[in-house]
Amino acid sequence: MPLNPETLAELAFFSELDKNDLSLLAQNALSFSAIPEQVVFLQGETARGLYFVETGWLKGSKITSTGREQVLRYFGPGETVNEVSLFLDSPNQATLIALEDSMVWLIPRETVLTMMESNPKVMRGITRSLAKRLLYVVNLVEDLSLLPLEARVAKFLLEHAEASIFERRRWATQAELAARLGTVPDVLHRVLRGFSEAGLIEVARQHIIILNRAGLEEKTQLN
């Protein structure tokens, strides 16, 4: 089934395109269905273009030669991946892996570049997206290099909780969250247990409830 042009119109940097331009992008898009743990693209491979997540969740990771993984970001429905490849003739900077059954679309690099050249609004939109991703990476590097693990865990829970509840998707295992937070599962488990014993959180199988937001916010501070 071809990509619905109206789906592309929901992306901020394609929202002002007319129907003809949206149809052109959709006609050139290639679909990928992925099952959990399937690799969509590898770090170091030639970048092919802009990826768009229609359904499911995926992660972008840096993986060392020894197999250690640092999750850079999770991508869900409506998000784009690999914008940097539009401007640089360079390989993929990370590996994209499905966390659950997912549908991903690839819009070839040349197709998007042509659209950017003919419509400055697309260029501005993608530039804003890149700026937000750069800010995210700067904050991630700052957290990993400056904050102790307790502070990183507390900050992660506060930022991702809705109504004081952090819902754990099926794939959000201790190992998965540890890879995102720059640690290992056993150490993460000890931190969560410590927060629980201090009355800051309540840990359940499918969610974590924040019981004391002020106390958890104190944990995010550098000592």
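That block above? That's the structure.
Let me sum up the structure you'll find in this document. Everything quoted here is computed from the prediction, not taken from an experiment. (Residues numbered from 1 in each chain as written. Predicted model: local features only at pLDDT ≥ 70, side-chain atom pairs only at ≥ 80, totals over all residues. Heavy atoms only, no water.)

## Some details on the pairing of strand β8 (residues 102-108)
Right, so step 1: Where burial is concerned, most of β8 is hidden: five out of the seven residues are buried.
Right, so step 2: Of the pairings in the sheet, the one linking strand β1 (residues 30-34) to β8 comprises five bridges and is antiparallel in character. In the strand pairing of β8, Ser31 is matched with Trp105.
Right, so step 3: In the sheet, strand β3 (residues 49-55) pairs with β8 via six bridges, with the strands oriented antiparallel. Note on β8: the bridge partner recorded for Phe52 is Trp105. (Buried < 20%, exposed > 50% of the residue type's maximum accessible area, 1.4 Å probe, protein only. Helix = DSSP H or I, 4+ residues; strand = E, 2+ residues; numbered from the N terminus. Pairing = 2+ DSSP bridges.)

## Description of the packing of helix α6 (residues 174-181) against helix α7 (residues 185-197)
Right, so step 1: Relative to each other, α6 and α7 sit at 95°, their axes nearing to 8 Å. In terms of axis orientation, α6 runs roughly perpendicular to α7. Packed against α6, whose contacting residues are Gln174, Ala175, Leu177, Ala178 and Leu181, the element α7 presents Pro185, Leu188, His189 and Leu192 at the interface. (Axes fitted to C-alpha atoms, helices over the stretch in contact; angles between N-to-C directions. Parallel < 35°, antiparallel > 145°, perpendicular 65-115°, else oblique. Contact = heavy atoms within 4.5 Å.)

## Re empty space enclosed by the protein
Right, so step 1: By the definition in use, this model includes two cavities of 30 Å³ or more.
Right, so step 2: Of the voids in this model, the largest cavity is the one considered here, and its volume is about 80 Å³.
Right, so step 3: Top contributing element to the lining of the largest cavity by residue count: helix α5 (residues 149-160), with four residues.
Right, so step 4: If you add up the space inside the second largest cavity, you get close to 40 Å³.
Right, so step 5: If you go around the second largest cavity, the residues you meet are Val153, Phe156, Leu157, Leu177, Leu181, Leu188, Leu192 and Ile208. (1 Å grid on protein atoms, 1.4 Å probe; cavity = no way out; pocket = protein on both sides within 12 Å on 5 of 7 lines; lining within 4 Å. Points joined across faces, edges and corners; volume = space filled by probe spheres on them.)

## Topic: the packing of aromatic side chains
Right, so step 1: Scanning all chains against the criterion turns up five aromatic pairs.
Right, so step 2: On the numbers, 6.2 Å between centres and 40° between planes, the contact of Trp57 with Trp171 is tilted. Residue Trp57 is found in the loop between β3 and β4 (58-63), and its partner Trp171 is found in the loop between β9 (165-167) and α6; the two are separated by 114 residues along the sequence. When sorted by exposure, Trp57 lands in the same class as Trp171, which is buried.
Right, so step 3: Measuring from centroid to centroid gives 5.6 Å for Phe156 and Phe166, while their planes differ by 75°, and the two rings are edge-to-face. Here Phe166 lies in strand β9 and Phe156 lies in helix α5, a separation of 10 residues in the sequence.
Right, so step 4: By relative accessible area, which is 7% here, Phe166 ends up buried.
Right, so step 5: Through successive ring pairs, a cluster of aromatic residues spans Phe32, Phe41 and Tyr51.
Right, so step 6: Directly above the ring of Tyr136 sits Arg73, whose terminal nitrogen or CZ lies 4.8 Å from the centroid. (Phe/Tyr/Trp six-rings, centres within 6.5 Å; stacked < 30°, edge-to-face > 60°. Lys NZ or Arg CZ within 6 Å of the ring centre and 35° of its normal.)

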